[in-house]
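Chain and residue survey
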Amino acid sequence: MKLLKNRMQPGFIVNFLYLFLSFTIILPPMRIVPFLISAVVTAGVVFVLDKQWGKIPPMGKFLSPQHGLWQNAEPASQRFDADLSFPDLRGKAEVYFDERLVPHVFAENDEDLYFIQGYLHAKFRLFQMDLQTKAAEGRASEIAGAKAINYDKEQRRLGMKFAAENALKEIEKDPAGKILFDAYTKGVNAYIGSLKASALPIEYKILNFKPEKWTNLRTALLLKMMAKTLSSGTEADLANTNAKSVFLPEELKLLYPQVPDSLVPIVPKGTMFDPPGIVPVQPATADSLYFGNKQTVTAKEISKPDIHNGSNNWVVAGSKTLSGSPILCNDPHLDLSLPSIWYEMQLQSPSGNAYGVSLPGSPFIIIGFNDSIAWGVTNAQRDVKDYFEIKFRDNTKKEYWFDGKWQPTTQRVEEIKVKGSTTVLDTVAYTIFGPVLFDESFSTELSTKRNLAVRWTAHDPSNEGMTFYKLNRAKNYAEYEEAIKTFECPGQNFVFASKAGDIAIWQQGKFPARWIDQGLYIMPGEDSSYMWQGFIPQAENPHSKNPERGFLESANQRPVDSTYPYFIPGSYITPRGATIEKYLSSMNGITPEDMMKLQNNYFNLLAEDARGILLQFIREGDLNATEKKYLDIYKKWDLMASPESKGQTVYQLWYESAEREIWLDDLQRVNPQAPWPGGQISMEVLKRDTAFKFIDNINTPQVETLYDAVTTGLKKASVELAKLEAEGKLEWTKFKDPTVLHLLEALPAFARKGLHVGGGWDIINAMKHTHGPSWRMVVQLSTPTEAYGVYPGGQSGNPGSKFYDDYIDTWAEGKYNKLWFMREGDRADKNIKWTMKFSKE
């Protein structure tokens, strides 16, 4: 071990050679040969331990007791008390940690408040911040090597850094706002500057690289990565373009309706809307160049976000609660990871006092409450990204045809550094629409060589961060409304409640005003007639305040019914919202405990709708004993997607199998196949017409009926069900294996697998395999505020800490932590376990 320590010091090799020569001079001749052998072996060991071999880090450094992985093991009695001083601070501040390691930050001014938030984020989540912003910028190859090159190309061609640069310009236009972002960045760098090699997060040691200094641009990159996660997977332009090539217009409306039959919108039905403030005009050439264009496309995104990225939020008025005070609830659904997406904290200064979860890498509380209000968010699911086909003059891509002449492109030469290999250069052409994401130099699958530029609202200058700064300090509905007005991308449903008794929801974002069906398919990009003609005025975004029924909810469904005067495509999710409405409409005397139970609810509303169809059209006489056994399990099922449920597993596989019998032959008429209509749409179509044309399999001579689809569906599902039963995986939780992965999926030892959780993407408790409720929060706006929350992780990003994943079991069991909203007079409270003191150096 002493050798391992010494090998890391400067001049070790020179000293080693000096000692070698010295010993060969003084040793007796008979001992020189053994010494030479020993010296060569030692030198070889030093060389091996000092070198990275493939994916294996330099083992000398990694195993060093002074600097290696051993230093990342925190003792159970680890203390977090400290007295710290930094020249960038303006005054004194204290951080009080409670028993869950939640920091309660008390600062004399906002600048110091966000400096300390940056410091704490870095202290507990540095690798997470570093990795996510590198990935956002398209620099994953620097860490992962050549296998990440295409991912990095896509990030750069999507214009992620371009978007962040535009956001940064907007952020830094406001001197007061810039001071806050600068303070946060200084706090991050203050921690990085104090970090010793021994204290590096273990992931740096495994991957053998070091953290870089933070910048405001990296914060902007993180926010744009969230924009991609929540708004770059909500369009289906490429898949819809292929569907348009084989289906008739009326068939497209049947398969992919804009307003589902079962829609329960966010804004209550019957709400009157004003006439539109902007009326976009369909181009005269649309029938021939847009709707009539049957050309297909084989391009596809490498890292398209999960289409089920969504959330639930709801608020009930005091008229429906036992306390007489509003209760607000939120649970955002995202890919679950360790370290967690969120970092829980309280931020208090003379200008405000807010508690909730923050996003490591960015200042402010994102979801939470203060002394007067509470707020939460869900994803709007609105389409704010379109593709335009570009005609280049030649292969140099320096000019493109637009509005009757050749226009110059702006070219960015992207340098992608690759670990263990040479730098890759990629030239991205920017047009009036935005960057050309797909062309023959990037997508080898693009056999038709279509050049596709992307227009995305995330590219536009914006400052989403300041929305949260204002929400953290808002005292009433008017200040909440003012705070969210400038939030542009990703579109979000901001739910609100106040101690004054108001409840409200706004769907807020920068949404294109479209003519009917604009943006559903790839659009011509040779003139301005297909460009967006403006944006829906902010005041006309869907919203509701203090409805008579006493509650509001959003769960990623379409926000309004068909009376809304704008065309608003998106990847909406209907069943969860309808389920929440079903429960809230019948509840009174509501308590926080009732809301916790509802957030963990497993009722499957879509399965309830499907039961009538499946049981009516099954030919039981055609089933063998095994198939009848699974049918019997289904019949006895209570429609709850609970962890132990076998009925949920049978239903899921049977329904999906029946859907394939109905749709697959038709969707495969084009390559790649057209998009699936979705389970809810399938059920609605069948309810309207149990003999509709797509039930028949076009690849067989006979005419199939719904009896055939349902019965064959169960027969095929039973084969898979029998295999699952033999493997002991027929229970729902064992079938889907709920898991919280480490950010580096290649490190399974740092993940939590096999969690005892049920649910599904279309169920209130929306847990899939690795995707689900990333933070559950229930806030009662009583005096004092009563709040509860939990996320599937822990405060520390260090796998060697007891605070790494200590909330997961609580979360999986549907339990909550009580959130301690510390006051100025609580500085000697028994809840305080450790204290950090900050002062100016």
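Parameters at a glance
Starting from 1, residues in each chain are numbered consecutively following that chain's sequence as written. With the structure being a predicted model, the display of local features is reserved for residues of pLDDT at least 70 and the display and counting of side-chain atom pairs for 80 or more, all residues being used for whole-chain, interface and lining totals. Each side-chain value is derived from all of the structure's non-hydrogen atoms; neither hydrogens nor water enter the calculation. Numbering goes from the N terminus for both helices and strands, where a helix is a DSSP run of H or I of at least four residues and a strand is a run of E of at least two. Residue exposure (1.4 Å probe, protein chains only): buried if accessible area is under 20% of the type maximum, exposed if over 50%, otherwise partly exposed. Here an angle of 0 to 180 degrees is reported between the N-to-C directions of two axes, which are lines fitted to C-alpha atoms, with helices fitted over the stretch in contact. We call two directions roughly parallel when the angle between them is under 35 degrees, roughly antiparallel when it is over 145, roughly perpendicular when it lies between 65 and 115, and oblique otherwise. Note on convention: near helix rotated counterclockwise from far helix by under a right angle means a left-handed crossing. Clockwise means right-handed. It only takes one pair of heavy atoms within 4.5 Å for two residues to be counted as in contact. Each residue is assigned to one of three groups, with Ala, Val, Leu, Ile, Met, Phe, Trp, Tyr, Cys and Pro labelled nonpolar, Asp, Glu, Lys and Arg labelled charged, and all others, Gly among them, labelled polar. Strand pairing is assigned whenever DSSP identifies at least 2 bridges connecting the two strands. Between Lys or Arg on one side and Asp or Glu on the other, a salt bridge is scored when a side-chain nitrogen of the former is within 4 Å of a carboxyl oxygen of the latter.

**What about the environment of Ser 839?**
Position of Ser 839 relative to the elements: it lies in strand β28 (residues 834–840). Overall, the relative accessible area of 25% leaves Ser 839 in the partly exposed class. Once the C-alpha coordinates of Ser 839 and Glu 94 are considered, the two residues, 745 residues apart in sequence, prove to be 8.8 Å apart.

**Examining the packing of helix α8 (residues 160–173) against helix α11 (residues 216–231)**
Orientation of α8 relative to α11, taken along the N-to-C sense of each, is 120°, at an axis distance of 8 Å. Here α8 is positioned oblique relative to α11, judged by the angle of their axes. Considering how the two elements wind past one another, α8 and α11 form a crossing that is right-handed. Residue-level inspection shows Met 160, Lys 161, Ala 163, Ala 164, Glu 165, Ala 167, Leu 168 and Glu 172 of α8 in contact with α11, the latter providing Asn 216, Leu 217, Ala 220, Leu 221, Lys 224, Met 225 and Lys 228. For the contact of α8 with α11, the class distribution of residues is nine nonpolar, one polar and five charged.

**Digging into the sheet that holds strand β17 (residues 451–456)**
Sheet strands line up and pair through hydrogen bonds in the backbone, either parallel or antiparallel. Pairing is mixed across the open sheet formed by four strands, whose spatial order is β16-β17-β11-β20. This sheet does not close on itself; its edge strands, each paired only once, are β16 (436–438) and β20 (523–524).

**A closer look at the pattern of salt bridges**
For the structure shown, the criterion picks out 46 salt bridges. One salt bridge in this structure joins Arg 514 and Asp 386, with 2.6 Å as the shortest N-O distance. One end of the pair, Arg 514, is in the loop between β19 (503–508) and β20; the other, Asp 386, is in strand β11 (residues 385–390), with 128 residues separating them in the sequence. One salt bridge connects Asp 809 with Arg 752, and the closest N-O pair in it is separated by 2.7 Å. Residue Asp 809 is located in helix α25 (residues 808–812), and its partner Arg 752 is located in the loop between β23 (741–742) and β24 (771–773); the two are separated by 57 residues in the primary sequence. The class for Asp 809 is partly exposed, based on a relative accessible area of 40%. Its relative accessible area of 22% is what places Arg 752 among the partly exposed residues.

**Quick look at helix α12 (residues 237–244)**
Since the α-helix advances by 3.6 residues per turn, residues separated by three or four positions end up pointing in the same direction. For α12, the tally of buried residues reaches seven of eight residues, placing the bulk of the element in the interior. Of the residues making up α12, those classed as buried are Asp 237, Leu 238, Asn 240, Thr 241, Asn 242, Ala 243 and Lys 244. Elements that come into contact with the buried residues of α12 comprise α13 (249–255), α14 (286–291), β11, β16 and β17.

**Some words on unusual backbone geometry**
Look at the link from Leu 338 to Pro 339: it is a cis peptide, with omega at -5°. Relative to the helices and strands, Pro 339 resides in the loop between β6 (337–338) and β7 (343–349). Backbone torsion omega between Thr 783 and Pro 784 reads 0°, so that peptide bond is classified as cis. Structurally, Pro 784 can be placed in the loop between β25 (776–780) and β26 (786–790). Unlike most non-glycine residues, Asn 556 shows phi in positive territory, near 75°. Within the secondary structure, Asn 556 is located in the loop between β22 (551–554) and α17 (575–584).

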